[in-house]
Amino acid sequence: MKYLNFFLLCVFGITLCLMSCHKEDSCSATEDMPGTVPLSLHTNVMEGQTRNFTLKEEFVPGDKIGLFIVKDGTDEIYTTSPYERNKVPATYTDRYVWEQEVFLTDEKVNVYGFYPFDNVYHAGKFDIMFNITALQQYMYGTHAKGTLSYADRINSSVQLEMKNVLGIAEFFFRVAPEYPGAGNLTTIEIYNRDMPSGPIPSDISMNVLTQKITTYGSEHPVLVTKRDGDKILTQMTTSFPEKGISVPLYTTYATKSKGEIMARFLIDGRNYMWELPIGTEWKSGYRYRYYITLVGGSLNLESVTIESPQDGGNKDVELQ
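It should be emphasised that the depicted structure is a prediction, and the values quoted were computed from it without experimental measurement. Counting from 1, residues in each chain are numbered in the order their sequence is written. Note on the predicted model: pLDDT of at least 70 is required for a residue's local features to be given, and 80 or more for side-chain atom pairs to be given and counted; whole-chain, interface and lining totals, by contrast, use all residues. Only hydrogens and water are removed before side-chain values are computed, so all heavy atoms of the structure are retained for them.

### Digging into the overall build of the protein chain
- The secondary structure content of the protein chain amounts to one helix and 22 strands.
- Across the 320 residues in the protein chain, those meeting the buried criterion constitute 44%.
- Contact between two residues is taken to exist if any of their heavy atoms lie within 4.5 Å; hydrogens are not considered. A separation threshold of at least 6 residues defines the contact pool for the protein chain, and within that pool the share at least 24 residues apart is 68%.
- Entry remark: accessible area of the protein chain is about 16,500 Å², with carbon and sulfur atoms responsible for 50%. Labels follow the DSSP assignment, with helices taken as runs of H or I lasting at least four residues and strands as runs of E lasting at least two, numbered in each case from the N terminus. Summary of the burial criterion: residues with accessible area below 20% of their type's maximum are buried, those above 50% are exposed, and those between are partly exposed, where the area comes from a 1.4 Å probe applied to protein chains only. Surface exposure here means Shrake-Rupley accessible area, sampled with a 1.4 Å probe, where a residue is shielded only by the protein chains that are shown.

### What to know about the pairing of strand β17 (residues 245-249)
- Counting buried positions along β17 yields five of five residues, so the element is predominantly enclosed.
- Every second residue of β17 is oriented toward a common face, with Ile245, Val247 and Leu249 on one face and Ser246 and Pro248 on the other, all of them buried.
- Whether two strands pair depends on DSSP finding at least two bridges between them. Pairing geometry for strand β11 (residues 167-175) and β17, over five bridges, is antiparallel. Paired with Gly167 across the bridge in β17 is Leu249.

### Focus on the nonpolar core
- We call a set of buried Ala, Val, Leu, Ile, Met, Phe, Trp, Tyr and Cys residues a nonpolar core when their side-chain atoms join them within 4.5 Å. Membership of the largest hydrophobic core comes to 50 residues, with the highest contact counts inside it found for Phe171, Ile188, Ile190, Phe265, Trp282 and Tyr290.
- Those residues in contact with Trp282 that lie beyond four places of it in its chain are Ala169, Ile190, Ile200, Leu249, Tyr250, Thr251, Ile261, Leu276, Tyr288 and Tyr290.
- In this structure, Leu41, Val45, Phe59 and Ile65 belong to the second largest nonpolar core, which totals 22 residues.

### Some words on the confidence of the model for the protein chain
- Predicted confidence across the protein chain gives a mean pLDDT of 80, with 78% of residues reaching 70 or more.
- Summary of the metric used: pLDDT quantifies the predictor's per-residue confidence within the range 0 to 100. The model gives residues 47-52 a pLDDT under 50, and that stretch makes 34 contacts with residues more than four places away or in other chains.
- Every residue in residues 312-320 is under pLDDT 50, and counting partners more than four places away or in other chains gives 20 contacts.

### Topic: the packing of aromatic side chains
- Only rings of Phe, Tyr and Trp enter the pairing, Trp through its six-membered ring, and a pair is recorded when the two centres are within 6.5 Å. The plane angle decides the type: under 30 degrees is stacked, over 60 is edge-to-face, the rest tilted. The full count for this structure, using the stated rule, is 15 aromatic pairs.
- Ring plane angle 15° and centroid distance 6.3 Å describe the contact between Phe114 and Phe117, whose orientation is recorded as stacked. Both residues of the pair, Phe114 and Phe117, count as buried.
- Through a chain of ring-to-ring contacts, the aromatic side chains of Phe171, Phe173, Phe265, Trp274 and Tyr290 assemble into a single cluster.

### Observations regarding the pairing of strand β9 (residues 139-143)
- Of all five residues in β9, five are buried, a share of seventy percent or more.
- Bridge analysis of strand β7 (residues 109-115) against β9 gives three bridges, and the strand direction is antiparallel. Across the sheet, residue Phe114 finds its bridge partner in β9, namely Tyr140.
- Bridge analysis of β9 against strand β10 (residues 157-164) gives five bridges, and the strand direction is antiparallel.

### Topic: the environment of Ser303
- With respect to the element layout, Ser303 can be found in strand β21 (residues 298-307).
- On the basis of relative accessibility, which here comes to 27%, the residue Ser303 falls in the partly exposed class.
- Spatially, the C-alpha atoms of Ser303 and Ile292 are 7.5 Å apart, while their sequence positions differ by eleven residues.

### Description of the environment of Ile168
- Following the sequence through the fold, Ile168 ends up in strand β11.
- Since its relative accessible area comes to 2%, Ile168 is described here as buried.
- For Ile168 and Trp282, which are 114 residues apart along the polypeptide, the C-alpha to C-alpha distance reads 7.3 Å.

### Topic: the sheet that holds β10
- Reading across from one edge, β2-β10-β9-β7-β3-β4-β5 is the order of the seven strands in this open sheet, with mixed pairing throughout. Here the strands that pair on one side only, and so sit at the sheet edges, are β2 (40-45) and β5 (96-98). If you compare each strand with its neighbour and ignore which way they point, the axes differ by 30° on average. Axis geometry follows a simple rule: fit a line to the C-alpha atoms, using only the stretch in contact for helices, then measure angles between N-to-C directions, giving values from 0 to 180 degrees.

### Looking at the pattern of salt bridges
- The term salt bridge refers to a side-chain nitrogen of Lys or Arg lying within 4 Å of a carboxyl oxygen of Asp or Glu. Scanning all chains against the criterion turns up eight salt bridges.
- A salt bridge links Asp194 to Arg193, with the shortest nitrogen-to-oxygen separation between them at 3.6 Å.
- Assessed through its relative accessible area of 46%, Asp194 is described here as partly exposed.
- Measuring nitrogen to oxygen at the nearest pair gives 3.0 Å for the salt bridge that ties Glu307 to Arg289. Here the residue Glu307 occupies a position in strand β21, and Arg289 occupies one in strand β20 (residues 287-295), the gap between them amounting to 18 residues.

The following block contains the structure:
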């Protein structure tokens, strides 16, 4: 009988060992938080590359984005997140790596992203400040179309669609065949004609949850110059290039008169002042393409095309 008892005790001990998780086993990831699953993140950047001002088409190793994680359908911070004020950093390598993992439970959450991570807060707990004159690509992210609008421990993989906070004005230049110069463009400056008031603000903030934009100040022009080591922004030819010079911009309203917004182009050492058309408006996420020909001593606007961020469709603008 004692041998039988000893045998049963051994079987019981072995069974306990088999049912236990070793520290290196996959089940140890949530051993301190039973019933949870780590959040998994993927991103889709809704833009491509242009000249001078570079728009990301994907994140690369070392890029750091920020996340806000809230209870589904609310602006209440998800308390299971280990980060103060819910500003969650994630650094991209070949995947997103957290400083501390975020664990999901049965409670549904919404995930919002913003780039770059080091943006400062302004006023509200989900408001991020952006400076237009910095020529920086600012993005916000929401759950991608065609995916669930929430995450939980059953649906722990989130796909964020990253979109531009600012509008993008893209300038395409060509010279007339009879133009005698080299066609070297070295500077673009966009500014309000009646400074400091005008439709172009110098700073904006966005509530990442609602995408509501608030604007501040209009006294600083947006200046694009040649990069360090480059002699020019571009050299014009008699044909429009495939890629233009991009400038990130935002306006508070559509202009009511020609020249409310001015542009200065430095070409072959000469300043060309250009009045943007009536109705000029740069909205969040939109791309505006201006096709301009240098003829003699003046700049002629040939056409304007607007690309919508929702469907990628283009429409031509009637010039006034």
